[in-house]
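Tertiary structure, described
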Amino acid sequence: MSSAVSERLLVQEVAPRDGLQIEPVWVPTGDKVALIDALSAAGFTRIEAGAFVSPKAIPALRDGDEVFRRIRRKAGVIYAALIPNLKGAQRALAAGADELNMVMSASQTHNLANMRMTCEASLDGFAGVVAHTAQTAQTVQTGVTLNGTVATAFGCPFEGKIDEDRVLSIVEHYLRLDIGAITLADTTGMANPRQVARLVRRVLAMLPASALTLHFHNTRGLGLVNVMAAFEAGARRFDASLGGLGGCPFAPGASGNICTEDLVNLCDEIGIETGIDLPALMALTRGLPALLGHDVPGQVAKAGRNCDLHPAPPSMPDAG
């Protein structure tokens, strides 16, 4: 590990959106709000608090407007919203979202499944979102920022390998639209560390580390390895989901975002600062099974931290 490990790693919590979107049980609005408020108190500076999508497509997030209006805003925290189109942007702005996250797949097949449109149609729609957001900002002096996500940036379950030059061309298109921040998403957990390091270095030649987020899934067990590969390549912002919740509902076998408390624990162990309260995260995760009705994949909340020691077992009688 290089001397760069002393630098801060910024974790964006995505459980309230990406974590809950595929849950089969309805999580009441009040519970969503309480979760977001607890995350705010735990030290996060960025939380993806919900989505403004069709309730028919993702019914678990149909209360996005109410969630954004009811959360207790903490100074210095950015509450982001995923939006698929202009209508979603209008709803998110009306509800007070601080950042709009637009998503388009590098894979045409996945974009058709996920967004119900071609990549070209998605980009055309984002141009309208940018224009509307700029006009709204001039009218009401909002400080809303825009983020463009490249989904399936490291591989597609339908098309396989994604050409890195195609990913770079989408990043360039986002930047030309005045979308100032970019997320590279390993939507289905197909990335490997060498691939991650190579693509991160190429993208960081186009924008600063403060404007790049990496979104990894742990579908094949490489999530945290890929985080460290990206960090060593210069990335500093990462999405993660409490308990390891979430996944893409339109990609077979894609469950398993990287787990927030597992990531924070890793950072704590090797001396990377996150500013996040790990015991508070573990307590929240331990409450998830009661809320969702099933166990969650995160490990640290089950095993405890390395510093959480146990009493020594009683002495065994001498077998001799």
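This structure is a prediction, so every number in the text was calculated from the model and none was measured. (Residues numbered from 1 in each chain as written. Predicted model: local features only at pLDDT ≥ 70, side-chain atom pairs only at ≥ 80, totals over all residues. Heavy atoms only, no water.)

**Focus on the overall build of the protein chain**
Of regular secondary structure, the protein chain possesses 13 helices and eight strands. Against the 2.2 N^0.38 benchmark of 20 Å for 320 residues, the protein chain shows a C-alpha radius of gyration of 20 Å, consistent with a compact globule. Overall, the C-alpha framework of the protein chain stretches about 80 × 40 × 35 Å when taken along its three principal axes. Considering the protein chain as a whole, with its 320 residues, one finds that 53% of them fall into the buried category. Put simply, the protein chain shows about 13600 Å² of open surface, and 55% of that area lies on carbon and sulfur atoms. Put simply, the protein chain has 27 plus and 32 minus side-chain charges, and the middle of one group is 4 Å from the middle of the other. (Helix = DSSP H or I, 4+ residues; strand = E, 2+ residues; numbered from the N terminus. Rg over C-alpha atoms; globule rule 2.2 N^0.38 Å. Buried < 20%, exposed > 50% of the residue type's maximum accessible area, 1.4 Å probe, protein only. Areas by Shrake-Rupley, 256 points an atom, 1.4 Å probe, with all protein chains shown as cover. Lys, Arg positive; Asp, Glu negative; His and termini not counted. Charge placed at Lys NZ, Arg CZ, Asp CG, Glu CD.)

**As for helix H11 (residues 278–286)**
Residues of H11 that are buried: Leu278, Leu281, Met282 and Thr285. Taken around the axis of H11, the buried residues stretch over an arc of 100 degrees, which confines them to a single face. Where H11 is buried, its residues contact helix H2 (29–41), helix H10 (260–270), helix H12 (288–292) and helix H13 (300–303). Of the residues flanking the start of H11, the one acting as N-cap is aspartate 277, its side-chain oxygen 3.2 Å from the backbone nitrogen of alanine 280. (Arc of directions from axis to C-beta. Contact = heavy atoms within 4.5 Å. Polar contact = N/O pair within 3.5 Å; in protein donor to acceptor, adjacent residues only side chain to side chain.)

**Quick look at the nonpolar core**
Inside soluble globular proteins, nonpolar side chains tend to come together where they are buried. Within the largest apolar cluster, 93 residues are counted, with the highest numbers of intra-cluster contacts made by Leu100, Leu184, Leu214, Phe216 and Phe238. Once residues lying within four places of it in the same chain are set aside, the contact partners of phenylalanine 216 are Phe154, Asp186, Ala191, Val196, Gly223, Asn226, Val227, Ala230, Phe238, Asn257 and Ile258. (Core = buried A, V, L, I, M, F, W, Y, C linked by side-chain atoms within 4.5 Å.)

**Structural notes on the packing of H10 against H11**
With their axes 10 Å apart at the nearest point, H10 and H11 run at an angle of 155 degrees to one another. For the element pair H10 / H11, the angle class is roughly antiparallel. Note on packing geometry: the crossing formed by H10 with H11 is left-handed. Where H10 approaches H11, its residues Thr260, Glu261, Val264, Asn265 and Asp268 are matched on the opposing element by Leu278, Leu281 and Thr285. In terms of residue class, the contact of H10 with H11 is built from three nonpolar, three polar and two charged. (Axes fitted to C-alpha atoms, helices over the stretch in contact; angles between N-to-C directions. Parallel < 35°, antiparallel > 145°, perpendicular 65-115°, else oblique. Left-handed = near helix turned anticlockwise from the far one by under 90°. Nonpolar A, V, L, I, M, F, W, Y, C, P; charged D, E, K, R; others polar.)

**Quick look at the packing of aromatic side chains**
All chains considered together, the criterion is met by three aromatic pairs. Relative to phenylalanine 68, the ring of phenylalanine 52 has its centre 5.4 Å away and its plane inclined at 45 degrees; by these criteria the two rings are tilted. Taken as a pair, phenylalanine 52 in the loop between strand S2 (46–51) and helix H3 (64–70) and phenylalanine 68 in helix H3 lie far apart in primary sequence, 16 residues in all. Exposure remark for phenylalanine 68: the relative accessible area of 1% places this residue in the buried category. Taken together, a centroid distance of 6.1 Å and an interplanar angle of 40 degrees make the contact between phenylalanine 126 and tyrosine 174 tilted. Of this pair, phenylalanine 126 sits in helix H6 (residues 119–140) while tyrosine 174 sits in helix H7 (residues 164–176), and the two are 48 residues apart along the sequence. By the burial criterion, phenylalanine 126 is buried, and tyrosine 174 matches it. We note arginine 62 situated over the ring of tryptophan 26; from NZ or CZ to the ring centre the distance is 3.9 Å. (Phe/Tyr/Trp six-rings, centres within 6.5 Å; stacked < 30°, edge-to-face > 60°. Lys NZ or Arg CZ within 6 Å of the ring centre and 35° of its normal.)

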